[in-house]
Every structure is written in structure tokens, then in C-alpha cells.
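# Observations on the model geometry
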Amino acid sequence: MNGWDFFARHKKAAAALLLAGALGCGALLSCVKLDENIHAMIPAAVRERVELFEHSPLNKKIFIGVTADTAQAAQEAAEELRADLVRRGLLTLPPAPGPDFALTLYRGLPYRFSAKDAQAAAERLTPEAVRERMAQNYENLLSFQSFFLKDLILADPLGLTDLMAAKMAAFGAGTALEYRDGFLASPDGKTLIGPYDFPGETADFNAARRFAEGFSQAAADISSSAKAFYLGSLRYTVENVAVIQADLLKITLLAFVLLAGVFWYFFRHKTALLIYLLPVLVLPPAALVTYRVFGSLSGITLGFGSVVAGLSVDYSVYIFFALKRTRAGARETAAHMKKHLLCNFMTSALCFAALLCSSVELFRQIAVFSVTGLLLSLLLALYIFPHYWTDLPPETQASPRYTLPVLPRRAAVLVCVFLLAFGALGVTRAHFSGDVEDLNSTSAQFKQDKAAFDRVFSGVSQNSALLFVFGATPEEALEHNEALSARLPAPLAVSEVIVSNSARAENTARWREFWSASRANYARLLIEEEAGKLGLKPAAFEPFFKEVLAEPAPDTFDFTKLYNPAAELADGRFAVVNIVPNTAAYETAAREAGAVFLSASELKTDLIHAVKKEALKIVLLALLFNLAAVRWAFKSWKTAFLAFVPVVLAACFTFGCFWAFNVRVNLFILVFLPLLMGIGIDYGIFQLMRRASSGGEYANAYPASALAAAALSTLAGFGVLAFAKHGVLFIIGLSSFLGVGGAMLASLFVLPAFLQGEK
């Protein structure tokens with residue numbers, strides 16, 4: 001007994017096994033954790049720089065913002081919210097500077113005592129400078145702050161601590177931001193933003209959701225006149241996954257409803273429900289295969305399931321119509337349709353195979369998912385479903401309900417010329433977005449919160465850039481950072497505060513050399529003379545002289561607890577991350593030193609370039625693969641080129657609409673291009689097969705209604721993605737709606753005009 005006879009005799013058992021297998025795969029799939037990693041959405045040409053960008057110290061922070069009607073109300077609400085979040089274990093704070101912080105700063109100066117500092121210290125050792133400083137010390141000792149300042153004044157009467165304060169202030173140089181009690185403040189003080197660390201993994205959706213719930217509770221407890229929000233990786237994670245999950249449910253339900261409408265209109269037979277259930281049978285196994293191949297699964301890949309659902313039914317639709325319109329048996333009809341369906345599968349699979357050549361990991365996931373789903377659909381259409389359609393009521397007329405008109409050839413040529421011109425304008429003028437933000441999908445509230453954040457940081461991101469200096473070890477990275485700093489117009493703030501061991505040794509030697517016995521004695525004379533004039537005991541400043549003449553005290557100043565610019569990269573290297581002005585001088589110096597200079601505008605430009613390069617590669621590969629496949633199937637170059645008519649016209653129509661309606665096109669248009677090519681060629685192949693079968697035994701096996709049913713089911717399958725809120729799914733859905741609709745119309749009305757008279 002061969003396989004065909006086995007399934008013919010055990011139809012019910014086969015159906016039960018198929019359904020049980022699909023349900024089992026679905027149960028296993030429910031245990032798979034969706035992985036939404038933006039790195040998987042970025043072309044390799046810019047992925048490394050995007051990953052570097054994410055290693056920015058500020059990029060790892062959670063930004064808690066509070067707005068209120070007055071500066072005082074904002075301050076009180078921000079402090080209350082911060083304390084509540086810390087109490088809930090949702091934030092970790094850097095150590096707060098205490099009364100001894102200034103002394104810690106001063107005692108850290110010898111290890112950071114640069115040549116510039118030596119010059120500044122020498123300028124403070126003139127009679128005029130010492131007189132002015134001692135008068136200031138006297139006023140501070142008489143103020144209410146004397147309890148906190150006394151020890152610092154006695155240890156540092158010359159105010160050398162200011163040199164360290166200037167080094168720390170350099171981290172915010174040029175940002176025009178005010179730092180108040182741990183908060184970045186807007187000019188009017190009514191918006192405060194605090195940068196904090198999260199004690200967990202920011203990419204973990206469960207952790208992100210717990211933070212969101214805890215934050216909502218804490219924010220509800222603050223003053224009603226104040227509003228709180230947060231931004232950062234946690235917010236992106238929870239909003240993206242939530243939007244995708246909501247979209248999956250909505251899209252799946254809508255797709256099934258529309259598919260049911262299409263099948264009711266074209267089929268109206270209970271066994272046609274098998275076609276309706278086909279996505280349920282093929283999508284779970286395809287998703288599990290993809291997960292096994294990549295070790296992860298994106299929600300966007302699952303969202304693409306509606307695309308595969310629309311495509312997967314085409315094979316069964318063609319078989320169903322052929323069985324209704326011919327007198328041959330199920331086995332013979334399936335054998336006759338095998339060449340057509342194999343050709344369709346081959347062209348679609350080759351289009352998705354082109355995505356395997358992409359450097360975007362998510363595209364490769366979609367390719368494996370789609371090819372697996374289509375292969376399962378083909379096997380079901382050829383070897384399983386025909387057994388259930390052996391008793392269909394025959395319809396021997398080619399078009400039982402309507403006859404589609406065929407355009408005159410001259411009209412078809414005019415349509416082609418118009419669409420080619422329309423498409424050329426679209427390709428050259430469409431708005432291709434290189435903004436990584438377009439790969440995320442966030443709520444309207446998020447956009448409002450982001451606008452409030454941007455008002456505080458107005459101009460900072462545009463005027464600043466990141467400078468990454470590398471090393472095999474943290475120490476080597478610091479040394480390279482210091483070497484680059486010496487070549488720049490202004491020293492890098494990190495190199496002034498977080499120094500390498502070699503720089504520490506050089507700086508302490510400079511400190512000892514500066515405080516020679518003669519200079520220390522000269523300083524003693526000046527300080528004691530001015531102290532006497534003010535009525536202060538000269539011996540009170542003895543701690544200062546003992547300290548400058550002795551070996552420097554141990555360095556207890558660890559700036560990394562306040563701000564850590566070091567990053568360990570995935571390749572094992574270490575990097576020091578500097579925030580620098582976005583100017584050509586810094587970019588040139590970075591390039592010469594083997595560092596990476598990264599600005600948001602440059603990254604956006606390069607991303608657009610990488611997307612266009614990827615698109616060209618994928619389209620060319622898909623074109624070559626499909627041209628070879630159709631040429632092999634039909635043995636004629638002319639016929640092969642005719643099959644591409646729907647593809648070309650549909651692509652022109654789609655990109656023309658993008659331009660005409662000012663649609664922002666993100667890099668996921670790359671998924672649509674080979675997909676459109678596969679679909680358009682399938683419809684062209686259908687018409688070619690119809691023409692080749694005219695007058696033969698299977699002349700009625702290719703009714704126009706079959707192509708319309710297949711196209712409308714595909715539109716119902718993934719044109720519904722246009723209703724998604726997620727930007728990635730939306731652009732795929734909109735592209736599919738325009739492209740598949742255009743390919744269907746071109747196949748039904750334009751291509752037949754060129755096939756008239758063809759053999």
C-alpha cells in the first residue's frame with residue numbers, strides 16, 4: 001500500500017494526528033519566551049556601533065522624571081518618589097556625598113595632579129591670591145556652614161579642592177544643565193530628572209513589568225499636583241512586548257475572520273474548513289523549528305505568522321478549485337497541479353532564501369519560519385487535503401459567477417508606463433527612516449514623556465557625541481584614553497578623573513616635585529602672615545603643611561561609584577566611553593587613534609545607507625533566484641520575463657504610494673520586497689499555467705476566481721498587519737496590502753493583455 005492509498009483509507013486518523021501534532025506544538029510554543037532584541041533588527045554594517053551606543057553609561061540608566069507647577073513642588077515630589085522606589089527595591093542609588101566628601105576630593109588630587117593643575121596651583125601661591133583666599137576662608141569659618149567646612153579649610157587653605165571640582169564639572173560641560181540634589185533640572189526648575197541604576201536585567205520583560213507596576217504605585221502616592229514618568233530600556237522593553245502581544249491577538253483574530261469571509265464567498269463547502277484550519281496546522285511547527293535553529297524567537301517573527309497564513313492557503317485553494325472544475329480524480333488532478341505548486345513553492349521559498357543572505361538576524365528567523373510553513377502547506381495541499389475533496393459538487397464552467405474583462409494591449413501598455421514612472425518617483429523620493437526609534441513601538445503617553453525629557457535635554461544629544469576608546473584590559477583602555485586626551489582641543493573629562501596606574505604614578509611624582517621644601521616654606525610664610533592679620537592662629541594650618549610634605553594619603557576617591565564610563569564589550573575588549581562635543585576635530589582625532597566617534601546623526605545616516613545596501617542585495621538575489629527558477633520551469637526566457645510583470649507593477653504601485661502619502665519606511669521593508677516578488681511571480685505563474693492549459697483536459701483547472709480567492713486570502717492573512725500598532729508590523733502590513741493588491745490586479749487585468757496570442 002502506497003502513501004496515497006494509506007491516507008485515502010485513514011482520513012479521520014490522519015486528521016486527528018495532524019490536529020494533535022499542531023496542538024502539541026502549540027503547547028510547547030507557549031513555553032517559549034519571546035526575545036525582543038533590537039540588535040537582531042540591525043544590519044551588521046552598523047550593528048557594532050549600535051551596540052557601542054548602548055554601552056553609553058547614560059544609556060544604561062533609568063531616568064525618573066517629575067513635573068509640577070512650581071520648582072519647590074517638583075523637588076519635593078521627586079525626593080518622595082525616589083525614596084519610595086528605593087524602599088521598594090526598584091532603584092539603587094550611588095553613594096551620597098557626605099560631610100567628608102570635599103576632603104576625599106582634596107586627598108584624591110595628588111593622583112590626578114596634571115601639568116595644568118600644577119600651573120593653576122602656582123598661580124594661587126602669590127601674595128594677592130593667598131590674601132584673597134584667606135579672607136574667603138575667614139568668612140566661611142564665621143558662617144553657619146563652619147561645622148562642615150572647618151576641617152577642609154585647615155587641610156586646604158589654598159582651595160586646591162576647586163581643581164578637583166572643575167574636573168568633575170567637565171562631565172557636564174556644554175550641556176547647559178543644572179544639577180540639583182541628584183536631579184537634572186530644567187531652566188525653570190519645574191521638571192526634574194534623576195538618572196538611576198536598576199538592580200536587575202533591563203532586557204528581562206518580567207523585571208520590566210514588575211518595575212512598571214511598582215512605579216505606577218509609587219507615582220500614585222506623590223502629590224496630586226505633580227506627575228511622574230520614567231524612560232530607559234525598561235520602558236522600551238515593557239511597551240514593545242505589550243504592544244506586540246496585543247497586536248498578535250488582534251491580528252490573528254482579524255485574519256481568521258477575514259479568511260472566513262473569503263472562504264465563505266468562494267467555497268461554501270464544509271470541507272473547505274480544512275483550508276481555514278491550515279494555518280493552525282503549519283504555524284506552530286514552523287515556529288518551533290525556527291526556535292530550534294536560532295535558540296530564540298521574536299514576537300515579530302510570530303507576527304509574521306499571519307503572512308505565512310495568507311501564503312500557505314494558496315496551494316490548497318488552487319487544488320480545491322481544480323478539483324471542483326475538472327472531471328479527473330483527486331490523485332490525477334493533484335499530480336497535474338504538482339508542477340504548478342512546486343514552481344510556486346520554489347519561487348516563494350527562494351525569495352525568503354534571499355533573506356537568509358541578510359546580515360539582519362530577524363530576517364533570517366522570518367526566512368526559516370516562512371519556508372518551513374510553506375513546505376508543510378505544500379505537502380498538505382498535495383498529499384493530504386485532496387482525500388477530503390473527492391465528493392465536491394462539480395462546476396464545469398470556467399467562470400460560473402462572472403467574467404473578468406481583459407484590458408486591450410494598448411491600454412495595458414499605458415498602465416505599465418504610468419506605474420513605472422510612479423514607481424520611479426516613489427523609489428527616489430520615498431522617506432526612508434534611519435531612526436532606530438522606528439523599530440520600537442511605544443504609547444502616546446510615552447511620546448509625551450519623551451517630549452518632557454527632551455525639553456530638559458534640549459540640544460544636548462545633537463551637540464554631543466560618544467567617543468569610545470578601546471583596550472584589551474581596563475587599564476590599557478584608560479592608558480589609550482589618556483593618550484588620545486592629550487591630542488584633543490580640551491582634555492577628556494574621564495582622563496582627568498579616572499586615571500590609569502601609570503598616570504597616577506606620574507601625577508603623584510609631579511605633586512611631590514611641586515611641593516618641594518622651598519615652595520612649602522614660601523606657602524607657610526604667606527598663609528601664616530595672612531592668618532595673623534585676620535586673628536587666626538598660624539599653627540592652625542599645620543595639617544596642610546604636614547600633608548603636602550608627606551607621601552600622599554591613600555586615594556579613597558572612586559568616581560566610578562558616581563558615574564562609571566567603563567564598558568566590557570561582547571568581544572572581550574574594554575572601552576572607556578567619553579561624552580564629547582560633536583565636532584570634526586574630535587571625529588578626526590578619534591579616527592587617527594583607532595577610537596570610535598559616534599553621533600546620533602551619523603548613526604542615522606549610516607543606518608539608512610546600510611538598509612538600502614541590504615535591500616539591493618536581497619532584491620537582486622531574489623530576482624536572480626526566481627528568474628532562474630521560472631526559466632527552468634517554462635524553458636523560455638520570454639515567458640519567464642512575462643511572469644515578472646505583476647511583480648514590477650506591484651512594486652511600482654507600492655513605492656509610489658509610499659511617496660504620495662509620505663509614509664515613513666523603516667528597514668523592515670526589506671522583508672516585504674522578496675515577499676512581494678514571490679507572491680507576484682506566483683500570480684504570474686498561475687496565468688501562464690492557465691494559458692498553457694487552455695483547450696486541454698485541465699482547461700478549467702485555473703479559473704480567475706481561484707487567483708482572486710488566493711490573493712484575497714493572502715491579503716486577509718497579512719494585509720491585516722496594517723492594523724498593528726507596532727511600527728515594524730505596520731509597515732509590513734501596509735506594504736503587503738498595497739503590493740499584494742497591486743499584484744492581484746496586474747495579474748487579472750494587465751498580464752492577460754500580453755499573453756493574448758502566446759502559446
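Fair warning: this is a prediction, and the values are worked out from it, not measured in the lab.

### With respect to the overall build of the chain
- Secondary structure assignment for the chain yields 31 helices and 11 strands.
- Burial analysis of the chain (759 residues in total) assigns 51% to the buried set.
- Counted over contacts in the chain with a minimum sequence separation of 6, partners at least 24 positions apart contribute 83%.
- When the accessible surface of the chain is totalled, it reaches about 33900 Å², and 60% of it is carbon and sulfur.

### Quick word on the nonpolar core
- Residues Phe267, Trp389 and Tyr683 are the most contacted members of the largest nonpolar core, which totals 129 residues.
- Examining the composition of this core, we find that 16 residues originate from one element, helix 31 (residues 727-755), more than from any other.
- For Trp389, the contacting residues outside a window of four places in its chain are Thr271, Ala272, Leu274, Ile275, Ser316, Ile319, Phe320 and Leu323.

### Brief notes about a nonpolar patch on the surface
- There is a patch of nonpolar side chains on the surface, built from Leu375, Leu379 and Tyr383 and spanning about 240 Å² of accessible area.
- By the secondary structure assignment, Tyr383 is in helix 16 (residues 361-384).

### Overview of the environment of Ile527
- Counting through the fold element by element, Ile527 comes out in helix 23 (residues 517-533).
- Ile527 gets classed as buried once you look at its relative accessible area, which sits at 0%.
- Put simply, Ile527 and Pro538 are 11 residues apart on the chain and 7.7 Å apart in space, counted from C-alpha to C-alpha.
- In contact with Ile527, not counting residues within four places along its chain, are Val130, Met134, Pro157, Leu158, Phe541, Phe544 and Phe545.

### A short note on the packing of aromatic side chains
- For the coordinates displayed, the defined rule picks out 19 aromatic pairs.
- With centroids separated by 6.1 Å and ring planes inclined at 20°, the aromatic side chains of Phe211 and Phe215 adopt a geometry described as stacked. One end of the pair, Phe211, and the other, Phe215, are both in helix 10 (residues 205-220), 4 residues apart, so they sit about a helical turn from each other. Each of the two residues, Phe211 as well as Phe215, counts as buried.
- Here a set of aromatic residues connected by ring pairs shows up, and it is made of Phe113, Trp511, Phe514, Trp515, Phe544 and Phe545.
- Taking the ring centre of Phe514 as reference, the NZ or CZ of Arg519 above it sits at 4.0 Å.
- For the cation-ring pair, Arg524 lies above Phe545, with the distance from its terminal atom to the ring centre recorded as 4.3 Å.

### So, the pattern of salt bridges
- This structure, assessed with the given rule, holds 18 salt bridges.
- One salt bridge connects Asp221 with Arg88, and the closest N-O pair in it is separated by 3.7 Å. Residue Asp221 is found in the loop between helix 10 and strand 5 (227-231), and its partner Arg88 is found in the loop between helix 4 (71-87) and helix 5 (101-108); the two are separated by 133 residues along the sequence.
- Judged by its relative accessible area of 48%, Asp221 is partly exposed.
- For Arg88, a relative accessible area of 34% translates into the label partly exposed.
- Linked by salt bridges that have partners in common, Asp84, Arg87, Arg88 and Asp221 make up one network.

### Here we look at the sheet that holds strand 7 (residues 464-471)
- What the 4 strands build is an open sheet, ordered 8-9-7-10; its pairing is antiparallel. The open sheet has two edge strands with one neighbour each: strand 8 (566-568) and strand 10 (596-598). Within this sheet the neighbouring strands show an average axis-to-axis angle of 30°, counted without direction.
- Here helix 20 (residues 474-485) sits on the sheet and contacts strand 7 and strand 9 (574-581); the angle it forms with strand 7, its principal contact strand, is near 130°.

### So, helix 15 (residues 330-356)
- Along its 27 residues, helix 15 runs 36 Å from first to last C-alpha, staying within 8% of the 39 Å computed at 1.5 Å per residue.
- At Lys338, helix 15 shows its maximal kink, close to 40°.

### Details of unusual backbone geometry
- If you check the backbone angles, Lys635 has positive phi at about 60° while not being a glycine.
- Its place among the elements puts Lys635 in the loop between helix 26 (600-634) and helix 27 (637-643).
- Positive phi is not limited to glycine here, since Asn662 has a value of about 55°.
- Counting through the fold element by element, Asn662 comes out in the loop between helix 28 (645-660) and strand 11 (664-665).

Thresholds applied
Residues numbered from 1 in each chain as written. Predicted model: local features only at pLDDT ≥ 70, side-chain atom pairs only at ≥ 80, totals over all residues. Heavy atoms only, no water. Helix = DSSP H or I, 4+ residues; strand = E, 2+ residues; numbered from the N terminus. Buried < 20%, exposed > 50% of the residue type's maximum accessible area, 1.4 Å probe, protein only. Contact = heavy atoms within 4.5 Å. Areas by Shrake-Rupley, 256 points an atom, 1.4 Å probe, with all protein chains shown as cover. Core = buried A, V, L, I, M, F, W, Y, C linked by side-chain atoms within 4.5 Å. Patch = residues over 30% accessible without salt bridge, like charges linked within 9 Å, V, L, I, M, F, W, Y side chains within 5 Å. Salt bridge = Lys/Arg side-chain N within 4 Å of Asp/Glu carboxyl O. Phe/Tyr/Trp six-rings, centres within 6.5 Å; stacked < 30°, edge-to-face > 60°. Lys NZ or Arg CZ within 6 Å of the ring centre and 35° of its normal. Pairing = 2+ DSSP bridges. Axes fitted to C-alpha atoms, helices over the stretch in contact; angles between N-to-C directions. Expected span 1.5 Å × (residues − 1). Bend = angle between axes of the 7 residues up to and from the residue.

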